Amino acid sequence: MVVCTGGEPLLQLDTPLVDAMHARGFLVAVETNGTRPVPQGIDWVCVSPKAGSELVQRTGNELKLVFPQAGFEPDRFEALGFTHFILQPMDGPDRVRNTQVALEYCLEHPQWRLGIQMHKVLGIP
């Protein structure tokens, strides 16, 4: 599997490139901020929207939301066409508190699952 991420991969990724990777036997996944439509043929779509951006891609396999963000509450995304809804605690000096708040939200709203960046929990840069 080839996972296209970093910056905004849909600025480069297009249908001919996806087709070329499929022709070589690869599955293709993308993690996008959702501001551009996903080209045809992507095997796994993860949308991680950013506050203040217009969400164009409203369907996919997973929606991953950094949490908490004022004015960017999870309930505004729950009706979108995703299979998995993941809350990722916001990193920074409040990471432990943000993880607890995200966990509590997931327990109260079972549509959401907690997603953590294990390397940050373990202190690996």
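So, a few notes on the structure that sits alongside this text. (Residues numbered from 1 in each chain as written. Predicted model: local features only at pLDDT ≥ 70, side-chain atom pairs only at ≥ 80, totals over all residues. Heavy atoms only, no water.)

**With respect to the sheet that holds strand β5 (residues 81–89)**
- Pairing within the open sheet is parallel, and its six strands lie in the order β1-β2-β3-β4-β5-β6. Since the sheet does not close on itself, it has two edges, and those belong to β1 (2–4) and β6 (112–114), each with one partner. When the angles between neighbouring strand axes are averaged without regard to direction, this sheet yields 25°.
- Where β5 and β6 come together, three bridges link them in parallel fashion. Within β6, the position partnered with phenylalanine 85 by the bridge is tryptophan 112.
- Contacts from helix α2 (residues 95–108) reach β4 (59–67), β5 and β6, with the element oriented near 145° to β6. (Pairing = 2+ DSSP bridges. Helix = DSSP H or I, 4+ residues; strand = E, 2+ residues; numbered from the N terminus. Axes fitted to C-alpha atoms, helices over the stretch in contact; angles between N-to-C directions. Contact = heavy atoms within 4.5 Å.)

**Let's talk about the pattern of salt bridges**
- This model, assessed by the stated rule, comprises three salt bridges.
- Put simply, lysine 120 and aspartate 91 hold a salt bridge, and the shortest N to O gap is 3.1 Å. Note that lysine 120 is positioned in helix α3 (residues 118–121) and aspartate 91 in the loop between β5 and α2, a separation of 29 residues in sequence.
- Residue class for lysine 120 comes out partly exposed when judged on its relative accessible area of 27%.
- In this structure, a network of salt bridges that share partners links the residues Asp91, Arg95 and Lys120. (Salt bridge = Lys/Arg side-chain N within 4 Å of Asp/Glu carboxyl O. Buried < 20%, exposed > 50% of the residue type's maximum accessible area, 1.4 Å probe, protein only.)

**Examining a nonpolar patch on the surface**
- A grouping of Leu103, Leu107, Leu114, Ile116, Met118, Val121, Leu122 and Ile124 is seen on the molecular surface, where their side chains present a nonpolar patch of about 730 Å² in accessible area.
- For the nonpolar patch, the secondary-structure elements that each account for two or more residues are α2 and α3. (Patch = residues over 30% accessible without salt bridge, like charges linked within 9 Å, V, L, I, M, F, W, Y side chains within 5 Å. Areas by Shrake-Rupley, 256 points an atom, 1.4 Å probe, with all protein chains shown as cover.)

**Re empty space enclosed by the protein**
- Under the defined criterion, the tally for this structure stands at one cavity of 30 Å³ or more.
- A volume near 70 Å³ is recorded for the largest cavity.
- What lines the largest cavity is simply Gln88, Pro89, Asp91, Arg95, Thr99, Gly115, Ile116, Gln117, Lys120 and Val121.
- For the lining of the largest cavity, the secondary-structure elements that each account for two or more residues are β5, α2 and α3. (1 Å grid on protein atoms, 1.4 Å probe; cavity = no way out; pocket = protein on both sides within 12 Å on 5 of 7 lines; lining within 4 Å. Points joined across faces, edges and corners; volume = space filled by probe spheres on them.)

**With respect to helix α1 (residues 15–23)**
- Where α1 begins, the capping side chain belongs to aspartate 14, and its oxygen is found 3.1 Å from the backbone nitrogen of leucine 17.
- A positive phi of about 90° marks glycine 25, the residue just after α1. (Polar contact = N/O pair within 3.5 Å; in protein donor to acceptor, adjacent residues only side chain to side chain.)

**Re the nonpolar core**
- In terms of nonpolar packing, the biggest core is built from 25 residues, with Leu13, Val30, Ile42, Leu63, Phe77, Leu87 and Trp112 touching the most fellow members.
- Mapped by element, the contributors of at least two residues to this core are α1, β2 (28–32), β3 (44–47), β4, β5 and α2.
- Those residues in contact with isoleucine 42 that sit more than four places away from it in its chain are Leu13, Val18, Val28, Ala29 and Val30. (Core = buried A, V, L, I, M, F, W, Y, C linked by side-chain atoms within 4.5 Å.)

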